[in-house]
Amino acid sequence: MSVRSKVIEAIQQIAKEQNVALPALTDDLSLHETGFDSLAFAILVARLEDETGVDPFTISEDAAFPATVGDFVRAYENVPA
């Protein structure tokens, strides 16, 4: 499974668990527009860290939180091996 697929699947699963009605997940969709609150994002990052073994937001001192779904996916895709 690709990194993109893992991230999208995790977003969809957490939305279901948190009773969030997700819009279509396009790369240019603002993370704010996903309907996730800070708890849902924390769960998402923790779950992806468990699954992938990395948290791209803590491995770099200058990491910035992404603004869009595409930015979020790329943060995981661009983690150095």
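All values derive from a computational prediction rather than experimental measurement. (Residues numbered from 1 in each chain as written. Predicted model: local features only at pLDDT ≥ 70, side-chain atom pairs only at ≥ 80, totals over all residues. Heavy atoms only, no water.)

A. Quick peek at the environment of His32. Among the structural elements, His32 can be located in the loop between α1 (3-17) and α2 (38-52). Separated by 35 residues in sequence, His32 and Ala67 have C-alpha atoms that sit 7.9 Å apart. (Helix = DSSP H or I, 4+ residues; strand = E, 2+ residues; numbered from the N terminus.)

B. Local environment of the confidence of the model for the protein. In this model, the protein carries an average pLDDT of 92, and 96% of its residues clear a pLDDT of 70 or more. Per-residue pLDDT, averaged within each element of the protein, yields its smallest value for helix α3 (residues 69-77) (94) and its largest for α1 (96). (pLDDT = per-residue confidence, 0-100.)

C. Fine view of the packing of α1 against α2. Axis separation between α1 and α2 bottoms out at 10 Å; the angle between their running directions is 135°. Considering their axes alone, α1 and α2 lie oblique with respect to each other. Considering how the two elements wind past one another, α1 and α2 form a crossing that is right-handed. Contacts between α1 and α2 pair Lys6, Val7, Ala10, Ile11, Gln13, Ile14 and Glu17 from the former with Ala40, Ile43, Leu44, Arg47, Leu48 and Glu51 from the latter. (Axes fitted to C-alpha atoms, helices over the stretch in contact; angles between N-to-C directions. Parallel < 35°, antiparallel > 145°, perpendicular 65-115°, else oblique. Left-handed = near helix turned anticlockwise from the far one by under 90°. Contact = heavy atoms within 4.5 Å.)

D. View of the packing of aromatic side chains. Tallied over the full model, the rule gives 7 aromatic pairs. In textbook terms, an aromatic cluster arises when at least three aromatic residues are bridged by ring pairs, as seen for Phe36, Phe41, Phe57, Phe65, Phe72 and Tyr76. (Phe/Tyr/Trp six-rings, centres within 6.5 Å; stacked < 30°, edge-to-face > 60°.)

E. Summary view of the pattern of salt bridges. Within the structure shown, the criterion is met by 4 salt bridges. Its salt-bridge partner being Asp71, residue Arg74 comes within 2.9 Å of it at the nearest N-O pair. Here Arg74 and its partner Asp71 are both found in helix α3, 3 residues apart, which amounts to about one turn of the helix. Look at the salt bridges and you will find they share partners, linking Arg4, Asp27 and Glu77 into a network. (Salt bridge = Lys/Arg side-chain N within 4 Å of Asp/Glu carboxyl O.)

F. Geometry of α3. Along α3, the residues that are buried comprise Val69, Gly70, Phe72, Val73, Ala75 and Tyr76. Against α1 and α2 lie the buried residues of α3. (Buried < 20%, exposed > 50% of the residue type's maximum accessible area, 1.4 Å probe, protein only.)

G. Up close: the environment of Lys6. Its location among the elements puts Lys6 in helix α1. In this structure, Lys6 is in contact with Met1, Leu48 and Glu51, ignoring residues within four places of it in sequence.

H. Spatial organisation of the side chain of Asp55. Mapping Asp55 onto the fold places it in the loop between α2 and α3. Every residue in contact with Asp55, bar those within four places of it in the chain, is listed here: Val45 and Glu49.

I. View of the UniProt feature "domain: Carrier" (unreviewed entry) in the protein. Under the UniProt annotation, the feature "domain: Carrier" (unreviewed entry) is placed at residues 11-55. Helix makes up 49% of residues 11-55 and strand 0%, and the two end C-alpha atoms of the span are 15 Å apart. (UniProt positions renumbered as here; feature names shortened; annotations may be inferred.)

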